[in-house]
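Observations on the model geometry
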Amino acid sequence: MRIQKQHNLYQLTFMPRLFPVNCYLVEEENGLTLVDAALASSASSILSAARTIGKPITKIVLTHAHSDHIGSLDSLKDALPDAEVMLSQMEWDILQNKTKMEAGLPIKGGYPKNIKTKPDRFLREGDRVGSLEVIAAPGHTPGMLALLDHRDGALLVGDAFQLRGGIAVSGDLRWQFPFPSWATWSKEISVRTAKKLADFEPKVLAVGHGDLLHEPLLPMKHAILRADKGVR
């Protein structure tokens, strides 16, 4: 596992050279918020990172429920029974196999079948989780969320953008790393979400796959222009 720090944000990257999967620890005054739970084998490394920082994980927020973002949730909840678990209602419904279609489009990507941890809270746009503002960010999945840290302008976007293989809006294929595109529910909605996220003018872009990107607004706009052409 590789750890990179930017102000209040710690990016934890698993398999950085082969198939980079990120989750994030966001430092608050009295604890840490974990954003995404990475792979099923990631729990011990996430817990070790928190111990190194020296604060407890008190909250777990899932941007969406694909296997590489929720994989270690059960193990983490076993180790952290008091941690508050949060995601969107839509992602929970998909995870519970309550819907296979949304807006007439099939749900894509790997949703694990055996997650036992139940959420403590369903998040909607405008909610706050500590210093993080919740932003509805559908496209890659129907119920995906993004999170903006108003202290330093870090924007955590799940798979709304990727940086591995070149910056791209979800659904805009990059052959060097095609997997986020293959797992995207609606490219058209992804483009609308990407435009919305760019309007926040983030200082740091934190994605599910790829390194942190500083001063990301111009690259985000270039990626949006390319993706927008592909849906017209």
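The notes below deal with the structure included here. None of these values were measured; they are calculated from a predicted model.

When helices and strands are tallied, the protein shows seven helices and 17 strands. Along the three orthogonal principal directions, the C-alpha set of the protein runs to about 50 × 40 × 35 Å. Across the 232 residues of the protein, 56% fall into the buried class. Long-range pairs, those at least 24 residues apart, make up 62% of the contacts in the protein with a sequence separation of at least 6. Summed over all atoms, the accessible surface of the protein reaches about 10100 Å², with 51% contributed by carbon and sulfur. Averaging the positions of the 28 positive and the 26 negative side-chain charges in the protein gives two centres separated by 5 Å.

What follows concerns the environment of Lys 59. By the element assignment, Lys 59 lies in strand 5 (residues 57-61). Taking the C-alpha atoms as reference points, Lys 59 and Gly 104, 45 residues apart in sequence, are found 34 Å from one another. Beyond its immediate chain neighbours, meaning those up to four positions away, Lys 59 contacts Leu 32, Thr 33, Leu 34, Glu 84, Met 86 and Val 129.

Let's shift gears to the side chain of Arg 174. Mapped onto the secondary structure, Arg 174 falls in the loop between strand 15 (168-169) and helix 5 (179-182). Arg 174 has contacts with Gln 162, Gly 165, Gly 166, Ile 167, Ala 168 and Arg 226, leaving out every residue within four places of it along the chain.

It is worth spelling out the pairing of strand 1 (residues 2-6) at this point. Bridge count between strand 1 and strand 2 (residues 9-14): five bridges; the pairing is antiparallel. Across the sheet, Lys 5 pairs through a bridge with Tyr 10, a residue of strand 2. Following strand 1, the chain reverses through two residues before pairing antiparallel with strand 2; His 7 in that reversal takes a positive phi of roughly 55 degrees.

Opposite charge on two side chains allows them to pair when their charged atoms are near. Applying the stated criterion to the full structure yields 12 salt bridges. As a salt-bridge pair, Asp 78 and Lys 116 come within 3.8 Å of each other at their nearest N and O atoms. Pair noted here: Asp 78 is in helix 3 (residues 73-79) and Lys 116 is in the loop between strand 8 (105-106) and strand 9 (121-122), with a separation of 38 residues, a long-range link. On the basis of relative accessible area, Asp 78 is assigned to the exposed category, the value being 54%. In this structure Lys 116 comes out as exposed when scored by relative accessible area, which is 55%. Between Lys 187 and Asp 172 there is a salt bridge, with its nearest N and O atoms 3.9 Å apart.

Procedures and definitions
- Residues numbered from 1 in each chain as written.
- Predicted model: local features only at pLDDT ≥ 70, side-chain atom pairs only at ≥ 80, totals over all residues.
- Heavy atoms only, no water.
- Helix = DSSP H or I, 4+ residues; strand = E, 2+ residues; numbered from the N terminus.
- Buried < 20%, exposed > 50% of the residue type's maximum accessible area, 1.4 Å probe, protein only.
- Contact = heavy atoms within 4.5 Å.
- Areas by Shrake-Rupley, 256 points an atom, 1.4 Å probe, with all protein chains shown as cover.
- Lys, Arg positive; Asp, Glu negative; His and termini not counted.
- Charge placed at Lys NZ, Arg CZ, Asp CG, Glu CD.
- Pairing = 2+ DSSP bridges.
- Salt bridge = Lys/Arg side-chain N within 4 Å of Asp/Glu carboxyl O.

Taken by themselves, the reported measurements are silent on function.
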